[in-house]
Each structure stands twice: as structure tokens, then as C-alpha cells.
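# Examination of the molecular architecture
Each chain is listed here by its residues.
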Amino acid sequence: MTDTFGKILRKLRMQSGMGLRELARLIDKSPGYLSDVEQDNVPPPSEEVIINIAAALNVNKNLLLLAAHKMDPELSNYIAEEPQAADFLRMAKDKEFKGTDWEKLSKFAELIDLGKPKKDTK
Amino acid sequence: MIVPWLPKKKIADFASNLIEHYAHIIQRDVHPPIPIEDIIERGLNLQLGFANLRKKLEINDVLGATFIRQRRICVDESLLSDKSEGRLCFTFAHEIGHWILHRKLIQHACRAISSDGFIFCRLQDAKKPIEWQADYFASCLLMPAEHVRDTFCHIFGHRPLVIYNLKSSFCGPISFDPCVENWPVIAATVMDTGGFTNVSKQAMIIRLQELGLVKNETSTRLSWQGSAISRERITCLEDISTSVF
């Protein structure tokens, strides 16, 4: 069974050596709320808050967004602004692309030099 | 709940062993302020939480709770709004005391009645042995004897401060003329010098008396209630405390 958002968040916070109160202060939330999130008593926070948490803990935001089943707002904005990207994703969904398909596609995109060089995702 | 009698020495040993265990985990020595929240999370691998316990447990004077089966220590959110670091940390340390000293008793009692085990701590229960033991553990954990002694001796020398008067009989240094009125200054000076930033003055003066470093020969208790000094006035006294000694 995969870990819940709360468990992943607590693990990352502990790894970074940051206290619950300190993290709560950095993201401008109450320690009570944050402890509820860590114990999965409430749903994961909004995308914006998750990104703030990732920045405070200095971890990859995608780790936490994925754990919360949320999409990076940058990504959703990009899809909204690029209708062809949305069409492509819809096609991928219809064709039920799996992990290996996406890996092949990424390699292919690199091979034919699509788009700009990769940015840091942190 | 009735708990077996425990000698103070044994309770102090439990606290000191926990600090050693934590020091081993973090691979460095531990000095005041004792990182109580990290001891809960890293040292004991327990969950730490803040919640509206008063609402959740429907008890209006609850300060903290230890949930044995869930391995969770929780304090009431009201302690955060009080902005009293000392009170908050003491409550955490007190709950650790329950975890170390009483969890097996609670587990055993709960098995007998098939119930989830948890202890909640109320202000009105403060004098019960189970709460007294957790309080004493908390003071040993947050104010380790050797650190308090070293700090006290560094400031006041090797003789205890003996308090004979309610008020200062002359305007000399506190070390020569300690009085009931000045207890908050004595506590604050030890706290400032020793780095005990997460304890209250009240907790420190109790610890100093417990360790025999301050002896109160008057019939007035060294407490906010017992002292004639007001909380407002202590601010001024703290400001001048460095020049007093």
C-alpha cells in the first residue's frame, strides 16, 4: 500500500530536520492544521500550499503534488494555454498510455530535440 | 488512576536516560534548551500534534493528552495562543513523562476493559500522583540537574541562596540579599545564562529549590501567587538583572 500524503509529508519534514511548528510558521498555517494534515485527518492542502511546503522543506514539489494527487498549477496553466497539449493528453488517455509508453515518448522527444532544454523541476 | 510510588531518583534517571538516548540518535551532545518536540518525534518516534482537545474530549481544563495505541502526544491549541513557550514545552515534557512512566500501566488497564488507551491531563488533577510524577519527569527533562547546577554555580557560587525575607532589606546584589520578591529575577538569571529558553520562571524556581540551590526559609511560596511582585514589574527587573550580579 502506498503511503498517504500525511505520512509522506511527515517523513520529508523529519528528513529535513524541521519541527512541526517551524514548518507551520514558514508556510503561514497553524501547527494544529499542519498536524491534522500529517495525520490525514483533513484532505491534503491546496496546490499552492503544497508548493510552499516543498519550498520550505527544500524538496521536489512533484513528490508532494503526486502524493496529494494534485497537478502542478504551472502544468495545468500550460495545458490550458496549449490546446494541442490537451488534445494530445486526451489521445494518450484514450489509448491508455502506460509508464513505458511515456518513457518511450520522452526518449523520442529528446532524440528529435523537441522544445527547449529541460529546466530544473524543483 | 493509582500508580505505584516511584522515587525521585528513578524518575530523574528515566529523564536522563532519554536525553542520552536522544543524543545517541542525533549524534551530538544535548544542551538546554532541550529540544522537546524533536525528542518526541525523533527520539521516541511518536507523533506530535496540536488539537482543540477541549472540544474533542469535552473537558474544559485539559492541557495535553497521550494516545498510547496511536503513539501520539497532543497538546491543546490554547497553549499556542498563550504564547507561553515554557508552558507549552512543559506540557510536551509532561506527556513524555506519561509515555515513559505510565504507558505500560495504561495499556494493561485498557486490556482489562478492552478500551483504547489514552491519558489526558487536566489542571484540576495536578496533585494526583500520576500527574505529579509526570511533572517531576518534565522538570528533570527540561532542566537537567547538572546543567542547572553548573549554571547556578557559575552565577552565584557554590553556596545555595537562602531566602529569609519577603523584601530586600538593602539594595545589595541578589546573591547577598535574596528575597521572596526577587525570585523571578533569580529564575530568569539562571534561565538566561544557562540557555533554558523553553521553561517558565515558575518551573525554574521550583527546580532550583528541588536541587537545594535556593532555600526558602519564609512561609511564603515562591510563586506568582505567593510573591508580592507583579508580572509587569518583572520586565523591569529582567532588564536590570545583568547589572545586578
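### Some details on the packing of helix 7 (residues 145–156) of chain B against helix 9 (residues 201–210) of chain B
Residues and elements named next belong to chain B. Contact geometry for helix 7 and helix 9: axes closest at 11 Å, N-to-C directions at 90 degrees. On the basis of the axis angle, helix 7 is roughly perpendicular to helix 9. Listed contacts from helix 9 to Ala-145, Val-148 and Phe-152 of helix 7 are Met-204, Arg-207 and Leu-208. The residue inventory of the contact of helix 7 with helix 9, partitioned by class, reads 5 nonpolar, no polar and 1 charged.

### As for the domain arrangement of chain A
Interfaces are often described in size by the accessible area the parts lose on coming together. Per the domain assignment, the segments making up chain A are domain 1 (5–71) and domain 2 (82–111). A C-alpha centroid distance of 30 Å is found between domain 1 of chain A and domain 2 of chain A.

### Remarks on the nonpolar core
All names here are of chain B. By size, the foremost hydrophobic cluster in this structure holds 82 residues, and its most contacted members are Ile-96, Met-204 and Leu-208. Contacts of Leu-208, omitting those with residues within four sequence positions, involve Val-148, Phe-152, Ile-186, Ala-187, Val-190, Leu-213 and Val-214. Ala-51, Ile-59, Val-62 and Ala-65 belong to the second-largest nonpolar core, a separate cluster that totals 8 residues.

### As for the pattern of salt bridges
Inspection of every chain in the model, using the stated rule, returns 12 salt bridges over all chains. Across the pair B:Glu41 and A:Arg13 runs a salt bridge, and its minimum N-O distance is 2.5 Å. Remark: A:Arg13 occurs in helix 1 (residues 5–16) and B:Glu41 occurs in helix 2 (residues 36–43); the pair is interchain, linking two chains. Overall, the relative accessible area of 2% leaves B:Glu41 in the buried class. A relative accessible area of 0% means that A:Arg13 is categorised as buried. For the salt bridge of B:Arg54 with B:Asp76, the shortest nitrogen-to-oxygen distance reads 3.2 Å. Note that B:Arg54 is positioned in helix 3 (residues 53–56) and B:Asp76 in strand 3 (residues 72–76), a separation of 22 residues in sequence.

### Digging into the pairing of strand 3 of chain B
In the case of a regular strand, side chains alternate between the two sheet surfaces. All names here are of chain B. Within strand 3, 5 of the 5 residues are buried, which leaves it mostly tucked inside the rest of the structure. Residue alternation in strand 3 divides its side chains into two sets, Arg-72, Cys-74 and Asp-76 and Ile-73 and Val-75, and both sets are buried. In this sheet, strand 3 lies alongside strand 1 (residues 47–51) in parallel orientation, the contact comprising 5 bridges. Note that in strand 3 the partner of Phe-50 across the bridge is Val-75. Of the pairings in the sheet, the one linking strand 2 (residues 62–67) to strand 3 comprises 4 bridges and is antiparallel in character. Opposite Thr-66, over in strand 3, you have Ile-73 as the bridge partner.

### Observations concerning the confidence of the model for chain A
In this model, chain A carries a mean pLDDT of 91, and residues with pLDDT of at least 70 account for 95%. The lowest-confidence element of chain A is helix 6 (residues 73–81) of chain A, averaging 89 in pLDDT; the highest-confidence one is helix 4 (residues 47–57) of chain A, averaging 97.

### Some points on a nonpolar patch on the surface
All names here are of chain A. Together, Phe-88, Leu-89, Met-91 and Trp-102 make up an exposed nonpolar region whose accessible area comes to about 320 Å². Take Leu-89: it is sitting in helix 7 (residues 83–94). Since its relative accessible area comes to 35%, Leu-89 is described here as partly exposed.

### Things to note about helix 3 (residues 31–38) of chain A
Counted residue by residue, helix 3 of chain A has 6 buried out of 8 residues, so it is predominantly covered. Those residues of helix 3 of chain A that are buried lie in contact with helix 1 and helix 2 (20–26) of chain A together with strand 1 and helix 4 (78–81) of chain B. Just downstream of helix 3 of chain A, A:Asp40 is the residue with a positive phi angle, here 55 degrees.

### Thoughts on the side chain of A:Arg13
One polar contact links the side chain of A:Arg13 to the main-chain carbonyl oxygen of A:Met18, over a distance of 2.9 Å. Side chain to side chain, A:Arg13 and B:Glu41 meet in a polar contact 2.5 Å long. Each residue touching A:Arg13, except ones within four places of it in the same chain, is listed here: A:Met18, A:Gly19, A:Leu20, A:Leu23, A:Glu38, A:Leu57 and B:Glu41.

### Observations regarding the interface of chain A and chain B
Listed as interface residues are 10 residues of chain A and, on the opposing side, 14 residues of chain B. Interface area, chain A with chain B, both sides summed: about 1,100 Å², of which 40% is carbon and sulfur. The largest share of the area that chain A buries against chain B comes from A:Arg10, A:Arg21 and A:Gln39, three residues that together contribute 50% of it. At the junction of chain A with chain B, the criterion picks out 4 salt bridges. There are 8 residue pairs in polar contact (both at pLDDT 80 or more) connecting chain A and chain B.

Criteria and thresholds
- Each residue is numbered by its place in its chain's sequence as written, counting from 1.
- Just so you know, chain letters begin at A and ligand numbers begin at 1, following the order they were written in.
- Given that this is a predicted model, residues contribute local features only at a pLDDT of at least 70 and side-chain atom pairs are listed and counted only at 80 or more, while totals for whole chains, interfaces and linings are drawn from all residues.
- The side-chain numbers reported here are obtained from all heavy atoms of the structure, hydrogens and water having been left aside.
- Fitted lines through C-alpha atoms give the axes, limited to the stretch in contact for helices. The angle between two N-to-C directions lies from 0 to 180 degrees.
- Strands are runs of DSSP state E lasting at least 2 residues, helices are runs of H or I lasting at least 4, and numbering of each runs from the N terminus.
- Any angle that falls under 35 degrees is termed roughly parallel, while one over 145 is termed roughly antiparallel, one within 65 to 115 roughly perpendicular, and all others oblique.
- A contact between two residues is defined here by any heavy atoms of the two lying within 4.5 Å.
- Under the scheme applied, nonpolar residues are Ala, Val, Leu, Ile, Met, Phe, Trp, Tyr, Cys and Pro; charged residues are Asp, Glu, Lys and Arg; polar residues are all the others, including Gly.
- The domain limits used here are those given by an automatic or database domain assignment.
- The set of buried Ala, Val, Leu, Ile, Met, Phe, Trp, Tyr and Cys residues whose side-chain atoms join them within 4.5 Å is what this entry labels a nonpolar core.
- Using a 1.4 Å probe on the protein chains alone, a residue whose accessible area is under 20% of its type maximum counts as buried, one over 50% counts as exposed, and one in between counts as partly exposed.
- Throughout this description, the term salt bridge denotes a Lys or Arg side-chain nitrogen within 4 Å of a carboxyl oxygen of Asp or Glu.
- By this definition, two strands are paired if DSSP reports at least two bridges between them.
- Scored from 0 to 100, pLDDT records how confident the predictor is in each individual residue.
- Residues enter a patch when their relative accessible area is above 30% and they make no salt bridge; the linking distance is 9 Å between like charges and 5 Å between nonpolar side chains (Val, Leu, Ile, Met, Phe, Trp, Tyr).
- What sets the accessible areas is the Shrake-Rupley method with a 1.4 Å probe; for residues, cover comes only from the shown protein chains.
- Under this definition, polar contacts are N or O atom pairs within 3.5 Å; protein pairs additionally need one hydrogen-donor-capable and one acceptor-capable atom, and for neighbouring residues in sequence, both atoms have to be side-chain atoms.
- Summed over both partners, buried area is the accessible surface (1.4 Å probe) that two parts give up on being assembled.

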